[in-house]
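# Descriptive structure summary
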Amino acid sequence: MNLILLGAPGAGKGSQAARLKERYGIPHISTGDAFRSNIAKGTEIGLYAKSFIDKGLLVPDEVVLKIVAARLSEPDCEKGFILDGFPRTVAQAEALDKMTKVDCVINFSVDRETVMRRLTGRRSCSCGGTFHISKLTSDVCPICGKKLYIRDDDKPEVISERLNVYEKTTAPVAEYYKAKGLLFEVDASKELDEVYDEIVKRLG
Ligand code: AMP
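Residues numbered from 1 in each chain as written. Predicted model: local features only at pLDDT ≥ 70, side-chain atom pairs only at ≥ 80, totals over all residues. Heavy atoms only, no water.

## Overview of unusual backbone geometry
- The peptide bond linking F86 to P87 adopts the cis configuration, its omega dihedral lying at 0°.
- Note that P87 resides in the loop between β3 (81-84) and α5 (90-99). (Helix = DSSP H or I, 4+ residues; strand = E, 2+ residues; numbered from the N terminus.)

## Structural notes on the site of the ligand
- In the vicinity of the ligand, 16 residues are found, and the nearest of them are T31, R36, L57, G85 and Q92.
- Within the side chain of R151, one N or O atom sits 3.2 Å away from an oxygen atom of the ligand.
- Protein chains shield 96% of the accessible area of the ligand, which is 480 Å² for the free molecule.
- Residue contributions to the shell around the ligand peak at 4 residues, all from helix α2 (residues 31-41). (Near = heavy atom within 4 Å. Polar contact = N/O pair within 3.5 Å; in protein donor to acceptor, adjacent residues only side chain to side chain. Areas by Shrake-Rupley, 256 points an atom, 1.4 Å probe, with all protein chains shown as cover.)

## Side note on a negative patch on the surface
- Residues D111, E113, D187, E191, E194 and D197 make up a contiguous surface patch of negative charge.
- Summarising the element assignment, D187 is placed in strand β7 (residues 183-187). (Patch = residues over 30% accessible without salt bridge, like charges linked within 9 Å, V, L, I, M, F, W, Y side chains within 5 Å. Salt bridge = Lys/Arg side-chain N within 4 Å of Asp/Glu carboxyl O. Lys, Arg positive; Asp, Glu negative; His and termini not counted. Charge placed at Lys NZ, Arg CZ, Asp CG, Glu CD.)

Keep in mind that these numbers describe shape and distance, not what the molecule does.
Below, the structure written as structure tokens:
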């Protein structure tokens, strides 16, 4: 199953992807995680991407497409994959269509206020875990024990810019898939378990 999780930053795509990956036994591919890993390793791509990410802007399509094409050609993607944070532009969606077949696109809809509350309270771990500050009792990761951090792009002014970019550039991607009959809407303002149940009901 080739699945895409679409939606604003903070909509909960990453949290659902982590669960869906376990259920369906297919890899979770997050372009944001790929960039953060490149930044942590100090690669050329990482340094280049950081200049966009820190401003809340999208990394240029050709760079993202190179990363995604390489990842999708790995053997673990043969049975399917979950794309999280890609495509974010119609040009990326068109390029993906040339690489592979998309089976289902889940559109996570959520209001701006909820996103702000989630992202300003988000604490992240290098293991990929993310947690809301209201549910934490310390500053270490409940999964792996490493120290949690606040992503540079989870600062309020950057969140605001990311949301503007989402509305202008990424929202049309939902229309692109709707026209193809592939879009499935979920109300992502609900609790994680409810959203998960809704998705699984649809996917089987
Ligand atoms: P995310 O973790 O998905 O919120 O991504 C963090 C940041 O990485 C985004 O705000 C963008 O700057 C960049 N990024 C991730 N995925 C893409 C993409 N598909 N196209 C362009 N930029 C991306």
